[in-house]
Amino acid sequence: MNLEKTIRSLKERGFAVSYFDSGEEAADYLTGEIRGCTVGFGGCQTAQQLGLYERLREENQVFWHWREPGAETIAKANAAQIYLSGANAISEDGEILSIDGRGNRLAGQAYGHQKVYIVAGINKICPDFDAALHRARNEAAVKNGHRFDNNTPCKLDGKCHDCRCDDRICRALLVLWGPMMGMETEIVLIGEELGM
């Protein structure tokens, strides 16, 4: 994993990048940056591990379907000024890959906000696009599938089968090659293994 190359590549693609040695430092940074806003969360184990929902709701109006289930919360999250999400993989060439089943997280990363923060541990960094896609499908997605009461083949042997079953939670892939037009995207990299 080449952290310096990854940061350089992300910046060359137009992303803002912040790096922190620890999750605590990253959480302090985000809490200081995001104040007096509406904040939407996409599914993000890293954000949960860092306690960002609790911290950010002290000075913001926060919407996260993991905490307040329902379509109304998802709609409010996707209409928020700030959107906070994770990624399944980041290539050293600066490509950010995310897989989703409902699509709210992908939509939130791609449209409708003043600023998007993508928070990721260094375990998400992969040498190239192919390795990042493999990680997203065969590590992150498989681990994510174990959190749900579903019947997918990946739960049996730990690898993606590109299944066609009704319980499939990997229904779309988003690759960010740069920030979307008119929307700032900042990648918050953390020198710890976080998320899935």
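Residues numbered from 1 in each chain as written. Predicted model: local features only at pLDDT ≥ 70, side-chain atom pairs only at ≥ 80, totals over all residues. Heavy atoms only, no water.

(A) Expanded view of the sheet that holds strand β5 (residues 89–91). Pairing is mixed across the open sheet formed by four strands, whose spatial order is β8-β5-β6-β9. Edge positions in the sheet fall to β8 (125–126) and β9 (172–176), since each has one partner strand and no second. As defined by bridge partners, β5 adjoins β8 across two bridges and the pair is classed as parallel. Across the sheet, the residue bridging to I90 is I125, located in β8. Along the sheet, helix α1 (residues 3–12) contacts β5, β6 (96–100) and β8; its crossing angle with β5, the most-contacted strand, is approximately 85 degrees. (Pairing = 2+ DSSP bridges. Helix = DSSP H or I, 4+ residues; strand = E, 2+ residues; numbered from the N terminus. Contact = heavy atoms within 4.5 Å. Axes fitted to C-alpha atoms, helices over the stretch in contact; angles between N-to-C directions.)

(B) Up close: the nonpolar core. Core analysis: the biggest nonpolar cluster contains 23 residues, and L30, I34, V39, F41, L52, L56 and L84 have the highest contact counts within it. For this core, the secondary structure elements donating two or more residues are α2 (23–33), β2 (38–41), α4 (52–56), β4 (82–85), β7 (115–121) and β10 (184–190). Setting aside anything within four residues of it in sequence, one finds V39 in contact with I34, L56, N60, Q61, V62, F63, A80 and I82. Counting 20 residues, the second largest nonpolar core, distinct from the first, contains Y83, I90, I118 and L174. (Core = buried A, V, L, I, M, F, W, Y, C linked by side-chain atoms within 4.5 Å. Buried < 20%, exposed > 50% of the residue type's maximum accessible area, 1.4 Å probe, protein only.)

(C) Focus on the pattern of salt bridges. The final tally for this structure, using the stated rule, is nine salt bridges. Ionic pairing is found between K5 and D93, a salt bridge with its closest N-O pair at 3.6 Å. Placement of K5 in helix α1 and of D93 in the loop between β5 and β6 is noted, with a sequence separation of 88 residues between them. Judged by relative accessible area, K5 falls into the partly exposed class, the value being 26%. Here D93 falls in the partly exposed class, since its relative accessible area comes to 33%. Between R13 and E95 there is a salt bridge; the shortest N-O distance is 3.9 Å. Highlighted residues: R13 in the loop between α1 and β1 (16–20) and E95 in the loop between β5 and β6, separated in sequence by 82 residues. Classification of R13 as partly exposed rests on a relative accessible area of 28%. Linked through salt bridges whose partners overlap, the residues forming this network are E24, D28 and R55. (Salt bridge = Lys/Arg side-chain N within 4 Å of Asp/Glu carboxyl O.)

(D) Quick peek at α1. When α1 is considered as a whole, its buried residues turn out to be T6, I7, S9 and L10. The arc that holds every buried residue of α1, seen down its axis, measures 165 degrees, which confines them to one face. The exposed residues of α1 that point more than 90 degrees off its buried face are E4, K11 and E12. Here the buried face of α1 lies against β1, β5, β6, β8 and β10. The distance from a side-chain oxygen at the start of α1 to the backbone nitrogen of E4 is 3.3 Å, and the residue carrying that oxygen is N2. Directly beyond the C-terminal end of α1, a positive phi value near 100 degrees is found at G14. (Arc of directions from axis to C-beta. Polar contact = N/O pair within 3.5 Å; in protein donor to acceptor, adjacent residues only side chain to side chain.)

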